[in-house]
Every structure is written in structure tokens, then in C-alpha cells.
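Summary of the model geometry
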2 protein chains.
Amino acid sequence: MTSFRQFGWASWMGEAAGFGQRIVASIRQRIEAGLDGPGAALPSTRALAAEWGVSRTTVTAAYEQLIAEGYLEVRQGSRARVAAGLARGTGGRVAQPSAAGGARLSAFGRRLAALPPAPAPGVDGLVADFRYGEVSARDFPKLAWRKAVTAALLRPPAILRYGDAAGSPALRQALQGYLWRARGLRCSAGQVIIVNGSQQGIDLAARLLLDPGDGVVMEEPGYALARQVFEALGASVIPVPVDAEGLRTAGLPPARLAYTTPSHQFPLGGVLSAARRRELLAWAARVDARVIEDDYDSEYRYDIAPVPPLQAMDEPIGDQGGRVIYLGTASKTLSPTLRLGWLVVPPGLVEAFARAKRLADRHAPWLEQEALAALIEGGAYERHIRRARRLNGERRAALLAALSRHFGDSVVVEGAEAGLHVVVWLLDVTPDQEAALVKAARAAGVGVHPVTPLHATGVPGRVGLVMGYAGVEVAAIERGVEVLAGILRGWRG
Amino acid sequence: MTSFRQFGWASWMGEAAGFGQRIVASIRQRIEAGLDGPGAALPSTRALAAEWGVSRTTVTAAYEQLIAEGYLEVRQGSRARVAAGLARGTGGRVAQPSAAGGARLSAFGRRLAALPPAPAPGVDGLVADFRYGEVSARDFPKLAWRKAVTAALLRPPAILRYGDAAGSPALRQALQGYLWRARGLRCSAGQVIIVNGSQQGIDLAARLLLDPGDGVVMEEPGYALARQVFEALGASVIPVPVDAEGLRTAGLPPARLAYTTPSHQFPLGGVLSAARRRELLAWAARVDARVIEDDYDSEYRYDIAPVPPLQAMDEPIGDQGGRVIYLGTASKTLSPTLRLGWLVVPPGLVEAFARAKRLADRHAPWLEQEALAALIEGGAYERHIRRARRLNGERRAALLAALSRHFGDSVVVEGAEAGLHVVVWLLDVTPDQEAALVKAARAAGVGVHPVTPLHATGVPGRVGLVMGYAGVEVAAIERGVEVLAGILRGWRG
């Protein structure tokens, strides 16, 4: 034990540059904040290592320290658990945590501090970074956008004043039409709320609907930043497994909210079947829950018919509207740097969302809203989407071909029918090799990003990579896959 | 009683178009949410009428209805109070409130629904709207901004990816220099957090620092949208009177946070004296509180020496920094439509704010950040501020001259040394005439905005107008004051 521990500490100091201490602080804070009660099982060292992007040795050392401090205990051969004698906020042998370095924070702030840190930002100059959420600047409709921006700047209002919290009337009207044409989504312009990207839509919905302790159904695996919003608010995340038909809706437990990606499950890519859509909406009506439909990449479909949104099946309750809060974004069609997204909320929630948006930041910036409205009204937005779909179709084809050429039967590709990423299961790689693979790939200039941290609990018994391709050009895709294959070939001897 | 009540209802239906019902719903929700416990006094009808912008008759009718429903009770000659027998969440004769129209909301959502609605937005075509927070588009540095925006659009990064949650490195660096040159504020670029306007800065700070029930010291009168943020989070707002030297800091009660405008108290214009600054910081250290310094309009000073920020007097606690969270904005220097603001936070809070910003909306939009950074680095921002200061100095002089010419000794002007508004106390107008004056002025094409709704409790025993002038041109200022004077002359006969 001692020698292992010494090894752990050595590794920590050398390799992980302070990450081990942050893991210790984070777990302490989760326990202090009451997020993990006595007896709660901690994630496996593998899962936590993946989530933080460190080696398992670092995590093991952190667990050892917390055992020494009395926060955790472990029985022979089983997972580490929160010490049974540990009540919330106890003093005694439990040292006071220095939440966020000594500053007294709210419960929200302490829960936030206990979440894993943001991943290191992407850098230029790699052979290929298959990072989901990035978009190539080559696809961006530069000329149309510059024209729209310049036109807006040339005709400013006479008085510069705060705008409508729900968004620019022109953009709300334009999106109402676009959503009907592109998605068969019927709503009034008044139901459209402009937000700073889908992240703000999730945050506002969570603040308006969730109290600490409320249950939230989340797809497992699922979108980590949504999960973090719910956890930071003190909600209780209920992970529900997904399969090829999306979220498994049979026997959902009562909850206040469900977060779903019905058109293209993130990350595994399943499309929620019609039967499950009906089951999900019936569940929401039965337990009085709302459903967030994050339609984050439905613009990208290849060789398959469009899937109508869940929102279109939602039955209105009187004049209050239904249970679905629809969420769209320009991050995948134009750029994540714009920070533009939109909610379509039931009529009974419009006022609440507008008020929450006003207190959060008054309203979205005027310029981007005007420019996007002009782009949509002039037809350039939909022309651009057709072009981006073609370009991303070429990237997708290149990725699938390269995977087939270099990996053959040693990989299984999932969720390739739609969106801007695929999940690649590496059949020849064992879970304990995952961290080393990520590290070796990065050293060779290739960014790969495992499925593992998208799991709330447990980890898959296999190694999968979420391979985003919208930010990588065809030649780099081919080169990146080749490099990755070379690394694995080298491992096998 | 009956006849009065009938009059009230008639007025409600005719004049207030649903406002009465919203007031009823709002008070019901406050009581249901436990914000006002049994025995709590309600605001006077005058204060509530001012807050909602309706006639006192409408408020009286709303109170009557709530008395009939058993929510309120009133003893001879005294204020309406929450009924003594009314416990939180009781059923019985208390009808279930339809929070936000039937939707089940979180405690945050219910508190939000109980706040006064946003004021009606400004409209074009008035003779003059002395609305605080508006800025003339004529002052905007159109050419420099268009050049900066176009330059940014012409050199986008190769990969469009999510940016740093704390903001663009270029803008944080530029602001660090600007704040030092313009405000004598010393910080590292790493302490600067870019937010979507100061409203988001207040919201993030409140979320990170306040739990429901925590005390927040607020200037009284003070900035209503800050107060609403704190109330929506369930904090307990402690109104502390201000005078010509700003917040009265003697004997401040314990609290977690103080929200202050030390350079130019909003709305009354006092400058927090050096002694009070020391007292405020000593209080914060004693009770372990943080202080938000909202430096919302310090760029505008006329004939007085610059006042260094409170932040500059803040003593660091070890390497964690001090207690002041500094807040600046481009809303007054460039435009409120940009939604750009910045926090300077103590080093120990940088990580917490960056995490909160990331979960709230990832980061501020790229384009505005790049353009402002270029504007500052190229010197155009400070040149523009000098020009805007001169133009607003002309507006201010025109307003003061017109007030003197048309009102003479019947007004007292307060807070004219700095900023973009003055407070005008109308000595000849009695509090019960306030609502009628606002209405008559509006009918004559002049927007005036009383001090009253900026009070959390009680109201001043006199009538004051917050007269913003940055969005009004000199000729319109003169005409607007003349129209206002004419109305009052007509009243006196």
C-alpha cells in the first residue's frame, strides 16, 4: 500500500501538475456540499481519470489522500465510498475545505467548484483535432455574414436602448418561419426566446424549473455541460441508458425535467423512436415534468429522411401549451463563437423565460440578432446550410472511408447517419489503455476524445471515441486517422 | 366600500388592461413563495402604483380583491398586511395561484414571477424621453466600430471553436491597461472576466455568493434590476439609505454582500466619501462580506476630479485578493445593445466566475470582444469617450439651463456633477400627483421616470424624476423641459 501510494504521489507531482490536488478539493467539496452522502459510491478511478483527463495513478493517489483524511473508505476489492460516519458539514477530523481558494461561496458556487474543470481549449497546429463542437471557418458564409453585419451597422436605431429581453422581433419572426420550413415546428414568434447559445437555454430552463433535490432525467451517456448545469443547481441527475432508439423511456422515474436529444442522441447518435416519443410525453404528463428537446445538430442529415421534432407531437394543455421546451442553436450551422441560440417555449412559460433572461443579461447582443434575421429572411441562411451539409457530408465520407481503410473490422462506427460526429468503438483497445491512447495520439498531433466522461455513472466496458469532423478538413481527417491507426499498430507490436 | 371597489374594478378594466390582475397574481405568488410572511406589511398603494406604473386606484382594487380572497387583511387606517392566519403553502380558502399561467416553476421562477414586470420599452417619435440608460446613436463611433468589426470578420481563426469562458485574452489584456489608465485600477488581465453587460456580472456574483435567506446591503434608493436579481435568488435585501456622501455605512448590519455605486450613486448621484469607503471595507472584512462596486458611468465627470475606485483601496487577503468585485460596462460609453461588460474579481474568485460564466452561456460573443479590444488598443475607445463626454456635457448643460429657465426655484437638481442623468425634485408637486404627472407628460410626448420605484421600501415624501439625457439631443431636451413646465403651469391654473 505504502509503496503504491508513494508511486502515486510521485506521479502526481511530476505528471499531473496540480490536478491531483484539485481532484481532492473537488471531492471534498462535493461531500461537504452534501452532493454525495455517507455510503455513496465514488466513480471508478478509470471514469474519474477520463473525466479530468489525468492518469488513473493520479486519481488513485487522490483517493488515498481522502481515505487518510477520513472522507472516504474502501472495503477489500470494492469501490471507494463516502465514509459512513460522515455527516454533512461535520468538523472534527475533516479539515475545512478552502472552497475556491478561501472565498465563501454559495451552495451553487461550492457545487460548481466541485465539478470537473473545463477541458483544455483546442489549439491550432495539430495534425487533426477530432473535437466535437468545432466548425471549420472555411464553411462560414463570410461574405453574406459581413454584408448582413455591415447593413445592420449602417442603419442603427436613432436611440440605442435596451432591447426586448425575449429577443429582436425581426429574429424571432424569422426563426418562426425557418423552424416551420426546416423542422415542421409550429409556434408563434412570441414563443421564440433568443438566448446566448443553447447553453444559456439550458441554464435558464433549469433555473426556472428546478429546485435543489429535484430529479432530472438525463440520457446516459449524455451532454456533460447540461448535466453540470443541473448538478450545479443542486438537482439530482437520474442517468437513464440510451440505445440505438435513443433514451430508454420505459419505466422512467418521476422527475421535474428530462433533458433529451431526440433527433440525434448525443453522443451515441440514436434517433428516438416514435413509440418512445409518445412514451416520453405521456410520462411528462403523468409526473408533471417538462422535457428539454435539444435539437443541436438536426440540420445535418445524410441519406435519411428528416425526423420531426418532439415538440411537434406535444399536446397543448389548454392555452398554456405543451411540455416540450425546444432548443436550437447557430453554433453548428454558423459558429460557436456567435453565441446565438433559440428556445421555443410553451405560451404559459414565455413570460417566465423573458423575465429570467432580462435578469440574467437583459437580452442577446443586437448585432448578431439583426444579422441572423437578415440572413434567414434573405434566404442566405438556408443556402448556407445546404452548402455546409454537403461539405460536412464530404468530411463524414472521408472519415468513414479512412476508418474502414485503416481499422477494418477492429472498429464499430455508431451514429453516422446525422450530425457532425460519429462514435468509434475501438474493439482492440481495452479500457485500461484509454488514457494512454489519448496521450499518445495527442503527442502525435491528433486530438481524440473518449465517450467515457459523458457518462454520469460507471463507464462503458469498451473504448469509444467521439470523433467530431466539422472542424477538420478532408486531408487532415485522413492523415489523423492514419496516425491513430499507426499508434495502435505500434502497440500491437 | 362597495362603491369604491366598483370604481376600482371599472378603472382596472378600462385603464390598466390586465395590470390589476397581474398585481393580484404577483402578490399571491410572493405570499405563496414565503417572501412575505403572515403580518408582513405591504407597500403603500402609492409605492406599488409607482413600481408597476399604474394608478393607485388599480392597486387599491387589487388589495381589495386579495382581502376578499383572504390573503391580506387591513386594520382601520393602517397598511394592508399579509393575513395573520396564513401559513406558507396553505390550501383552504386560499386559491391555488396559477404561477406563470399554470406552469410549475422553481422557487426562483416563482419569485421572479412575483417581481414587477419590465417597464414598457422606449418608443421612437416622442418629443423627448428622459429615460435613463439610453444613448444617442449620434455619439456612437460608427466608423471606428465598423472598421474594427470588419477587420475582425476578415481575419477569423481557422477553426471556429468555443472561446475562453473568462473572455478573449486580447480584450482582457486591453481592459487591464484601460482600467489602469482611466481608473487607476490595478489588476492582472487574469482577474478580468468578460460578461454580457453589467447585468450578467451582478447575476453571476449573486449566484456565486448568495444562498436563499442571505442578507444583501443595497443602497436605498438604488438600482432596481440589481435588487431584483437578489430577490429572485431568495436573498434578503437590506435597504440602507443614501445621502450626499453615498451609502450611509455607519452601523451596517451583517450581510454576505453589499451592492454599491461608489463613484456616482444611482440614482441620487452622491460620491461615497473616503471615510465611508474605509468603513465599508472594514465592515466587509468584519462580517466576511463581499462588495460589488458597480462603476456604471464613471467615464462621465464634469468639472470634478476623478474619483478612484473602491477597488483601489481594497486590501488583499493573502493571495486571494480583496473583497471588492468591480463591475464596468460599455453600455454607457458605446451602446447598451452591445451587451458587453467586465468584472475585475479577486484572484481567489477567478476560477469560480469563469466556471459560472461557462455554465451560464460558455462565453461572450467573439465579434464584440475582438472589436472592443481593437478599439481600446488603437486608442479609438478613449478618444471616443472624450468626445462622448463633451457631447453629454452639452446635453447636461442644456438640461440644467432649461430646468433653471422653466422651473426656477421650484426644482432642486441633485447629482449633476457626473454621469448621464440628474435627479430633479419637483417642489411644487405632491406625491399623490406623481402618477398623473407621468401620464400627462407621456400624453404630451415627454417620457419622465420617477425616483419612487427605485425605493425598496417606503417612498420619498417628495416627487423626484430621474432625468437621463444621453439619448436626447439638445433641442429635444429644451423642448421636453418646456412641455413639462407647461403641464405643471396648466395644473396650477
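Quick note: structure is the one above.
Quick look at the structure, then. The shown structure was predicted, so the numbers you read here are calculated from the model rather than taken from an experiment.

This brings us to the overall build of chain A. Secondary structure summary: chain A contains 15 helices and 17 strands in total. For 493 residues, the compact-globule formula gives about 23 Å, and the C-alpha radius of gyration of chain A, at 23 Å, lands near that figure. Dimensions of chain A, computed from the C-alpha atoms along their principal axes, are close to 70 × 55 × 45 Å. In chain A, 74% of the contacts between residues at least 6 apart in sequence involve partners at least 24 apart. Total accessible area computed for chain A in this model is approximately 18,000 Å², and 54% of it derives from carbon and sulfur atoms. Here chain A carries 56 positive and 47 negative side-chain charges, and the mean point of each set is 3 Å from the other.

Within this structure, the stated rule accounts for 43 salt bridges over all chains. Between Glu-134 of chain A and Arg-131 of chain A there is a salt bridge, with its nearest N and O atoms 3.4 Å apart. Residue class for Glu-134 of chain A comes out buried when judged on its relative accessible area of 4%. Of the charged contacts, one joins Arg-248 of chain B and Asp-243 of chain B as a salt bridge, the two residues approaching to 3.4 Å between their closest N and O atoms. Arg-248 of chain B gets classed as partly exposed once you look at its relative accessible area, which sits at 41%. Accessibility expressed as a relative area gives 24% for Asp-243 of chain B, which makes it partly exposed. Through salt bridges with shared partners, one network takes in Asp-124, Asp-129, Arg-131 and Glu-134 of chain A together with Arg-161 of chain B.

Residues and elements named next belong to chain A. In spatial order, the strands read E14-E15-E17; together these 3 strands make up an open sheet with antiparallel pairing. Looking at strand neighbours, the two that pair on one side only are strand E14 (411–414) and strand E17 (463–468), the edges of this open sheet. Averaged over all neighbouring strand pairs, the angle between strand axes comes to 25 degrees, with direction disregarded. Sheet analysis places E14 next to strand E15 (residues 421–426), joined by 4 bridges and oriented antiparallel. In the sheet register, Glu-414 faces E15, and the bridge partner there is Val-423.

This part takes up the sheet that holds strand E12 (residues 324–329) of chain A. Residue and element names in this part refer to chain A. Ordered in space as E6-E13-E12-E11-E10-E7-E8-E9, the 8 strands form an open sheet in which the pairing is mixed. In the strand order of this sheet, the two ends are held by strand E6 (192–195) and strand E9 (246–247), each with one partner. Bridging between strand E7 (residues 215–220) and strand E8 (residues 236–243) involves 6 bridges; their strand directions are parallel. Note that in E8 the partner of Val-217 across the bridge is Ile-238. Running over the sheet, helix H7 (residues 169–183) touches E6, E12 and strand E13 (341–344) and is turned about 110 degrees from E6. Each of E7, E8, strand E10 (257–260) and strand E11 (290–294) touches helix H9 (residues 224–232); the most contacted strand, E7, lies at about 160 degrees to it.

When the parts come together, some accessible area is lost, and that loss is often what is quoted as the size of the interface. Opposite the 89 residues of chain A that make contact, chain B presents 89 residues. Note on chain A versus chain B: buried area summed over both sides is about 7,300 Å², and carbon and sulfur give 54% of it. Linking chain A with chain B are 8 salt bridges. Taking the shortest distance from any N to any O, the salt bridge between Arg-161 of chain B and Glu-134 of chain A comes out at 3.0 Å. Across the contact surface, chain A and chain B share 43 residue pairs in polar contact (both at pLDDT 80 or more). The set of elements that each furnish at least two residues to the side of chain A that touches chain B consists of helix H5 (107–113), strand E4 (135–136), helix H6 (142–154), strand E5 (159–160), helix H8 (197–209), H9, helix H11 (350–361) and helix H12 (366–377) of chain A. Top contributing element to the side of chain A that touches chain B by residue count: H11 of chain A, with 8 residues.

When chain A is fitted onto chain B, the two copies agree to an RMSD of 0.1 Å after a turn of 180 degrees and an axial shift of 0.0 Å. Viewed as a symmetry operation, the transformation between the two copies matches a two-fold axis.

This paragraph deals with the packing of aromatic side chains. Residues and elements named next belong to chain B. Per the counting criterion, the structure on display carries 16 aromatic pairs over all chains. A centroid spacing of 6.5 Å and a plane angle of 25 degrees characterise the contact between Tyr-223 and Tyr-259, whose relative ring orientation is stacked. In this pair, Tyr-223 is assigned in the loop between strand E7 (215–220) and helix H9 (224–232) and Tyr-259 in strand E10 (residues 257–260), connecting sequence segments 36 residues apart. Of the two residues, Tyr-223 and Tyr-259, neither departs from the other in class, the shared state being buried. Ring geometry for Tyr-223 and Phe-266: centres 5.9 Å apart, planes at 85 degrees, overall edge-to-face.

Residues and elements named next belong to chain A. H12 packs onto H6 with a crossing angle of 120 degrees between their chain directions and a minimal axis gap of 9 Å. By the angle class used here, H6 and H12 are oblique. Judged by the twist between their axes, the crossing of H6 over H12 is right-handed. Here Ala-144, Trp-145, Ala-148, Val-149, Ala-152 and Leu-153 of H6 come into contact with H12, specifically with Trp-366, Leu-367, Glu-368, Glu-370, Ala-371, Leu-372, Ala-374 and Leu-375.

Let us now look at unusual backbone geometry. Here Glu-220 of chain A and Pro-221 of chain A are connected by a cis peptide whose omega angle stands at 0 degrees. Here Pro-221 of chain A is to be found in the loop between E7 and H9. A positive phi angle, close to 60 degrees, is found at Asp-288 of chain B, a residue other than glycine. Residue classification places Asp-288 of chain B among the partly exposed positions, given a relative accessible area of 31%. A positive phi is found at Arg-362 of chain B, a non-glycine position, where the angle reads about 75 degrees.

With that out of the way, let us pick up the environment of Ser-188 of chain B. All names here are of chain B. Summarising the element assignment, Ser-188 is placed in the loop between helix H7 (169–183) and strand E6 (192–195). Using a relative accessible area of 37% as the deciding quantity, one classes Ser-188 as partly exposed. Counting along the chain gives 13 residues from Ser-188 to Leu-175, while the straight-line C-alpha distance between them is 9.7 Å.

To continue, consider the environment of Val-82 of chain A. Residue and element names in this part refer to chain A. For Val-82, the location among the structural elements is in strand E2 (residues 80–82). Overall, Val-82 belongs to the buried group, its relative accessible area being 1%. Between the alpha carbons of Val-82 and Gly-37 there is a distance of 6.6 Å; along the sequence they are 45 residues apart. Contact partners of Val-82, with chain neighbours within four places excluded, come to Ile-31, Asp-36, Gly-37, Pro-38, Gly-39, Ala-40, Leu-42, Tyr-71, Leu-72 and Glu-73.

About the thresholds
Residues numbered from 1 in each chain as written. Chains lettered and ligands numbered in written order. Predicted model: local features only at pLDDT ≥ 70, side-chain atom pairs only at ≥ 80, totals over all residues. Heavy atoms only, no water. Helix = DSSP H or I, 4+ residues; strand = E, 2+ residues; numbered from the N terminus. Rg over C-alpha atoms; globule rule 2.2 N^0.38 Å. Contact = heavy atoms within 4.5 Å. Areas by Shrake-Rupley, 256 points an atom, 1.4 Å probe, with all protein chains shown as cover. Lys, Arg positive; Asp, Glu negative; His and termini not counted. Charge placed at Lys NZ, Arg CZ, Asp CG, Glu CD. Salt bridge = Lys/Arg side-chain N within 4 Å of Asp/Glu carboxyl O. Buried < 20%, exposed > 50% of the residue type's maximum accessible area, 1.4 Å probe, protein only. Pairing = 2+ DSSP bridges. Axes fitted to C-alpha atoms, helices over the stretch in contact; angles between N-to-C directions. Buried area = accessible area lost by both parts, 1.4 Å probe. Polar contact = N/O pair within 3.5 Å; in protein donor to acceptor, adjacent residues only side chain to side chain. Least-squares fit on C-alpha atoms with pLDDT ≥ 70 in both. Phe/Tyr/Trp six-rings, centres within 6.5 Å; stacked < 30°, edge-to-face > 60°. Parallel < 35°, antiparallel > 145°, perpendicular 65-115°, else oblique. Left-handed = near helix turned anticlockwise from the far one by under 90°.

In short, the description is geometric, and any link to function would need to be established separately.
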